[in-house]
Amino acid sequence: MDLNDRIALVAGGTRGAGRGIAIELGAAGATVYVTGRTTRAQQSEYARPETIEETAELVTAAGGRGIALQVDHLDPRQVQALVERIRREAGRLDILVNDIWGGENLNEWEKPVWEHDLDKGLRMLRLAIDTHLITAHHALPLMLEHAGGLLVEITDGTAAYNADHYRLNPFYDLAKTAVNRMAWAHGRDLGPRGATAVCLTPGWMRSEIMLETFGVGEDNWRAAQEPHFVISETPRFVGRAVAAIAADPERARWNGQSLSSGELAKVYGFTDLDGSRPDAWRYMVEVVDAGKLADAIGYR
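Calculation notes
Residues numbered from 1 in each chain as written. Predicted model: local features only at pLDDT ≥ 70, side-chain atom pairs only at ≥ 80, totals over all residues. Heavy atoms only, no water. Phe/Tyr/Trp six-rings, centres within 6.5 Å; stacked < 30°, edge-to-face > 60°. Buried < 20%, exposed > 50% of the residue type's maximum accessible area, 1.4 Å probe, protein only. Helix = DSSP H or I, 4+ residues; strand = E, 2+ residues; numbered from the N terminus. Salt bridge = Lys/Arg side-chain N within 4 Å of Asp/Glu carboxyl O. Pairing = 2+ DSSP bridges. Right-handed = clockwise from strand over helix to strand, strands pointing away. Axes fitted to C-alpha atoms, helices over the stretch in contact; angles between N-to-C directions. Parallel < 35°, antiparallel > 145°, perpendicular 65-115°, else oblique. Left-handed = near helix turned anticlockwise from the far one by under 90°. Contact = heavy atoms within 4.5 Å. Arc of directions from axis to C-beta.

Going by what an unreviewed UniProt entry lists, the protein chain is known as Short chain dehydrogenase and is assigned to Massilia timonae CCUG 45783.

Written as structure tokens, this is what we have:
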């Protein structure tokens, strides 16, 4: 996967999938602008230790060039300034990854709309939907100046899975299904203009927050007390999926589609860091939803 001449923006690259994607784009040789709100000098309301500078350093260590820029993607002026800087410094944008989220601490599991905190729910929607549209509005014109650009919208769950599974509560459900539709809509606009839009979901991802929740690390994640965690994957797995699409000269075949890291691994042949290919969404349907005991044999 050779991306040596590509310029990428990973919006929301502080941690989790965004960090994994940025690193893998860097490993393929890309220059990666990494944005987020948490820097070594200032934290967001997450109060998490991960920073955009760390992500940029990991990109560079992987073989690319990482550039960290603090941006609040709810502020159109900040996003506009970001794109103007990329134009000045790089002159182009080949890959835009919209991984902006920030809703973990706002999500109230399995609560109907009248019980869920309204301010938290509406904030979740703004973080999940408005940020993506604001970023696309300002960044896509630059991407379209050169043919072959790629927009990747990151969500949780494929369109097929989300269509008949209720995702925790109405706010979270709408946030995650809307991004699938958003990528489809962008595909209608980008396709005729020589670019590609896809929606991509990781499986059960071993993000920093998830590992901390289960009280394990990447070195002992199998010790987690959740049996179905056996299907989990690192953030680098979805990163390799993005890099594979970006390096594919026939990526237009995916335009407007909802994809997962697991299914793309079968197409492109990449693996997770441990050499496996976890297929989490098939596992969710055939094992979890079917009420079977946790067993990842045949699914990774």
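Read on, since the account is not over.
Undergrad: I'd love a proper account of the packing of aromatic side chains, names of residues and values included.
TA: With the rule as written, the count across this model stands at nine aromatic pairs. Here Trp221 and Phe229 contribute two aromatic rings whose centre-to-centre distance is 6.0 Å and whose plane-to-plane angle is 80°, an arrangement assigned as edge-to-face. Looking at Phe229, the relative accessible area reads 2%, which means it is buried. Between Phe237 and Phe270 the ring centres are 5.4 Å apart and the planes differ by 65°, which places this aromatic pair in the edge-to-face class. Remark: Phe270 occurs in the loop between helix H9 (261-268) and helix H10 (280-288) and Phe237 occurs in helix H8 (residues 235-247); sequence separation between them is 33 residues. Just as Phe237 is buried, Phe270 falls in that class too. A network of ring pairs unites the aromatic residues Trp204, Phe214, Trp221 and Phe229 as a single cluster.

Undergrad: Give a description of the pattern of salt bridges that names residues and reports values.
TA: By the definition in use, this model includes 24 salt bridges. Across the pair Arg85 and Glu89 runs a salt bridge whose closest N-O atoms are separated by 2.7 Å. In this pair, Arg85 and Glu89 are both assigned in helix H3 (residues 76-90), four residues apart and thus about one turn of the helix distant. According to the relative accessible area criterion, Glu89 is partly exposed, its value standing at 44%. Residue Glu286 pairs with Arg282 through a salt bridge whose shortest N-O separation is 3.3 Å. Pair noted here: Glu286 and Arg282 are both in helix H10, with a separation of four residues, about one helical turn. Connected through shared salt-bridge partners, Arg15, Arg48, Glu50 and Glu212 make up one network.

Undergrad: How would you explain unusual backbone geometry if you had to name every residue and give the values?
TA: Positive phi outside glycine occurs at Ala47, with the angle close to 55°. Tracing the backbone through its elements, the reader meets Ala47 in the loop between strand S2 (31-36) and helix H2 (52-62). Owing to a relative accessible area of 51%, Ala47 belongs among the exposed residues under this scheme. If you check the backbone angles, Leu168 has positive phi at about 75° while not being a glycine. Here Leu168 is to be found in the loop between helix H5 (159-163) and helix H6 (170-190).

Undergrad: Explain the pairing of S2 to me, and be specific about the residues and the numbers.
TA: Among the six residues of S2, six are classified as buried, and the element is accordingly described as predominantly covered. Alternating residues of S2 divide into Thr31, Tyr33 and Thr35 and Val32, Val34 and Gly36, and every residue in both groups is buried. Pairing between strand S1 (residues 7-11) and S2: five bridges, direction parallel. Considered in S2, the bridge of Val10 is made with Val34. As for the winding sense of the linkage, the β-α-β connection from S1 through helix H1 (residues 16-27) to S2 is right-handed. Of the strand pairs in this sheet, S2 and strand S3 (residues 65-70) are connected by six bridges, and their pairing is parallel. In the sheet register, Val32 faces S3, and the bridge partner there is Gly66. Handedness of the β-α-β unit built from S2, H2 and S3 comes out right-handed.

Undergrad: Quick one: what's the story with the packing of H3 against helix H4 (residues 118-143), residue by residue and with numbers?
TA: Running from N to C, H3 and H4 point in directions that differ by 20°, and their axes come no closer than 9 Å. When the interaxial angle is binned, H3 and H4 end up roughly parallel. Here the hand of the crossing between H3 and H4 comes out right-handed. Counted together, Pro76, Val79, Gln80, Val83, Ile86 and Arg87 of H3 and Ile134, Thr135, His138, Ala139 and Leu142 of H4 form the full contact between these two elements.

Undergrad: Go over H2 with me, naming the residues and quoting the values.
TA: Regarding H2, the residues found buried are Ile52, Thr55, Ala56 and Val59. Buried residues of H2, seen end-on, are gathered within an arc of 100° and therefore sit on one face of the element. As for H2, its buried residues are in contact with H1, S2 and S3.

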